[in-house]
Amino acid sequence: MNSRIPLGIRQCNRLLATPIYYANEASTLTRLFSTSRLHYERHECIVLVVGGGSGGCAMAAKLSSHLGKDKVIVLEPEDKHYYQPMFTLIGGGMKRLEHSYKTMADVLPKKAKWLKEKAMEFDPDNNTVCTSGGDTIKYDFLLIATGLQLKYEKIPGLAEALEIPNGKVCSIYSPKYVEGVYDLLRRTNEGNLIFTFPASPVKCPGAPQKIVYIVDHYFRKLGKRDKVNITYNTALPVLFGVKHYADALWPICKKRNITVNTRRNLVEVRHAEDIAVFEDLDHPGQLFEEKYSLLHAVPPMSAPDDLTKCRKLVNEAGFVDVNNSTLQHVRYSNVFAIGDSSGSPNSKTAAAAAAQSPVVYRNMIAAMEGKPLTDVYDGYASCPLVTGYSTCILAEFDYNLQPLETFPVAQNKERYSMFIMKKDFMPLLYWKLMLTGYWNGPGLMRKLLGVFKPSKSK
Ligand code: UQ1
């Protein structure tokens, strides 16, 4: 299947044909003049999965077990697969970084072929993707599961501030910085603790405020809560997008003396003076300076640049332009998307990817068999809103931002049971069932437990 093709006639010929276009791309130059590879390969597969994160790995497991060995290629440059929902708990000192990852080789399905490279150039008209190593992959079907990239560098001063040893700026979003959050927490005794939510789509939109609640509880446990002011500055116009849960979260903030400012966006970090600069999004250009002793920053995010530069694949916002119900691309019938890079307007969470996975799987198989696509994604997403060291509100909702709850209890209440589910049960479910392709989200469980629900909430 894989023919080894010498450098001169390799199939990634768009690269050779358009040298001027690429001339200022350092990575491409490195690729052109690299002496480390003598041969560039051309691969063929039935399904190319771009990305070995939650959605990509689960789908590769489902598809490769249906299609057989080496019919699915997974393009993924990273060595490690992180269970990112654990990062808030690491930030609060409840778990350690080493609990949150496995090697990519361990989690990707053995029946799929793993290419440890990055997707550099998408060409959906010719059904090919070129890789960072100069290879070309020809596919029948493409599944885009790249996730989001973190753009700390978009906020002047932020990336530098995060690199300062024993600095005052931290962030749970990156495996590089997440351990620094608890370190900083332990070093902080007083002053202004400021938390942010950026003006961009984010993965797990609940996480920026979960860490606020955890930090509040941390200082209460130590009896030092009166020594710190806690402020959550969010670029959103609301505390949480689903009113049912926002109505539960506002009183929690009030009771715990957490100041929430909406429509405030972090625009600069002046780390030499410990000052964060925010813009009032309702009055563009109006800036506020706030002195911090701890700044928790959530970076702006976007789909990867190498994907968004293929304008044919993405919508205005830069996410894969799919049909919200079938998750099939609106122009290319052999292209699908799953997870955070999808343009479907659901909340970007692992739970959403889990609920999307059976829909994408069945619709891809139908497309392969030339049948109509009948499976529909309802926009399900879930957000276990950890509100401290022993409580959690389990938010679950659909495209219409209406609650779509699994359990026959009032889920808008802080509960210990939901905390244990989030902390101890979810990681197991993730590694054992989701990544192996057996977890399709809680839809079935919801139906079964629906028997126990009072009829008005069914
Ligand atoms: C879920 O399916 C999921 O994906 C694996 C999560 O991410 C880790 C979750 O946090 C949650 C809550 C769900 C939904 C599962 C149940 C049992 C409600």
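Residues numbered from 1 in each chain as written. Predicted model: local features only at pLDDT ≥ 70, side-chain atom pairs only at ≥ 80, totals over all residues. Heavy atoms only, no water.

Draft legend 1. Representation of the layout of surface pockets in the model. Counted as a void, the second largest pocket has a volume near 470 Å³. For the lining of the second largest pocket, the per-class residue count stands at 17 nonpolar, 8 polar and 2 charged. (1 Å grid on protein atoms, 1.4 Å probe; cavity = no way out; pocket = protein on both sides within 12 Å on 5 of 7 lines; lining within 4 Å. Points joined across faces, edges and corners; volume = space filled by probe spheres on them. Nonpolar A, V, L, I, M, F, W, Y, C, P; charged D, E, K, R; others polar.)

Draft legend 2. Summary view of the sheet that holds strand S16 (residues 275–280). Reading across the sheet, the 3 strands line up as S15-S16-S17 and stay open at both edges, with antiparallel pairing between neighbours. With one partner strand each, in any of the chains shown, strand S15 (264–270) and strand S17 (287–291) form the two edges of the open sheet. Neighbouring strand axes in the sheet, compared pairwise and without regard to direction, differ in orientation by 30° on average. (Pairing = 2+ DSSP bridges. Helix = DSSP H or I, 4+ residues; strand = E, 2+ residues; numbered from the N terminus. Axes fitted to C-alpha atoms, helices over the stretch in contact; angles between N-to-C directions.)

Draft legend 3. Representation of the site of the ligand within the structure. Of all residues adjacent to the ligand, which total 17 residues, the nearest are Tyr 83, Ser 382, Pro 384, Met 426 and Trp 439. Bound to the protein, the ligand loses 98% of the 440 Å² it would expose on its own. The set of elements that each furnish at least two residues to the shell around the ligand consists of helix H12 (350–368), strand S21 (381–386), strand S22 (392–397) and helix H13 (416–434). The leading source of residues in the shell around the ligand is H13, at 3 residues. Looking at side-chain class alone, the shell around the ligand contains 14 nonpolar, 2 polar and 1 charged residues. (Near = heavy atom within 4 Å. Areas by Shrake-Rupley, 256 points an atom, 1.4 Å probe, with all protein chains shown as cover.)

Draft legend 4. Spotlight on the UniProt feature "domain: FAD/NAD(P)-binding" (unreviewed entry) in the chain. UniProt records the feature "domain: FAD/NAD(P)-binding" (unreviewed entry) at residues 47–160, using the numbering of this structure. Measuring from the first to the last C-alpha atom of residues 47–160 gives 40 Å, for a span that is 23% helix and 32% strand. (UniProt positions renumbered as here; feature names shortened; annotations may be inferred.)

Draft legend 5. Region of interest: the packing of aromatic side chains. Applying the stated criterion across every chain, the model contains 11 aromatic pairs. Taken together, a centroid distance of 5.4 Å and an interplanar angle of 65° make the contact between Tyr 82 and Tyr 101 edge-to-face. With a gap of 19 residues between them, Tyr 82 in strand S4 (residues 80–82) and Tyr 101 in strand S5 (residues 101–103) connect regions that are remote in the sequence. What makes Tyr 82 partly exposed here is its relative accessible area of 22%. The exposure class assigned to Tyr 101 is partly exposed, which follows from its relative accessible area of 28%. Aromatic side chains Phe 240 and Phe 397 sit 6.0 Å apart centroid to centroid with 90° between the ring planes, which places their arrangement in the edge-to-face category. Placement of the pair is Phe 240 in the loop between strand S13 (228–234) and helix H10 (243–255) and Phe 397 in strand S22, with a sequence separation of 157 residues. For Phe 240, a relative accessible area of 9% translates into the label buried. On the basis of relative accessible area, Phe 397 is assigned to the buried category, the value being 5%. Counting every residue linked through ring pairs, the aromatic cluster contains Tyr 82, Phe 87 and Tyr 101. Between the NZ or CZ atom of Lys 62 and the centre of the ring of Tyr 361, over which it lies, the distance is 5.9 Å. Sitting over the ring of Trp 431, Lys 102 keeps its end group 4.9 Å from the ring centre. (Phe/Tyr/Trp six-rings, centres within 6.5 Å; stacked < 30°, edge-to-face > 60°. Buried < 20%, exposed > 50% of the residue type's maximum accessible area, 1.4 Å probe, protein only. Lys NZ or Arg CZ within 6 Å of the ring centre and 35° of its normal.)

Draft legend 6. Here's a closer look at the side chain of Asp 274. You can see Asp 274 is positioned in the loop between S15 and S16. If we ignore the near neighbours within four places in the chain, the residues touching Asp 274 are Lys 168, Glu 290, Lys 291 and Tyr 292. (Contact = heavy atoms within 4.5 Å.)

Draft legend 7. Layout of the environment of Asn 346. Looking at where Asn 346 falls in the secondary structure, it is placed in the loop between strand S20 (335–337) and H12. Residue classification places Asn 346 among the buried positions, given a relative accessible area of 11%. Put simply, Asn 346 and Val 74 are 272 residues apart on the chain and 25 Å apart in space, counted from C-alpha to C-alpha. In contact with Asn 346, not counting residues within four places along its chain, are Ala 352, Gln 356, Tyr 377, Gly 379 and Tyr 399. A distance of 2.7 Å separates the side chain of Asn 346 from the side chain of Ser 344, its partner in a polar contact. (Polar contact = N/O pair within 3.5 Å; in protein donor to acceptor, adjacent residues only side chain to side chain.)

Draft legend 8. View of the packing of helix H9 (residues 207–221) against H10. Running from N to C, H9 and H10 cross one another at 30°; their axes reach a closest spacing of 12 Å. Crossing of H9 against H10: the hand is left-handed. In contact with Gln 209, Tyr 213 and Arg 220 of H9, H10 contributes Leu 249, Ile 252, Cys 253 and Lys 255. (Left-handed = near helix turned anticlockwise from the far one by under 90°.)

Draft legend 9. Focus on the pairing of S15. In this sheet, S16 lies alongside S15 in antiparallel orientation, the contact comprising 6 bridges. Residue Arg 270 lies in a different strand from S16, and its bridge partner there is Ile 275. Connecting S15 to the antiparallel partner S16 that follows it, the hairpin turn spans 4 residues, and Asp 274 within it adopts a positive phi of roughly 60°.

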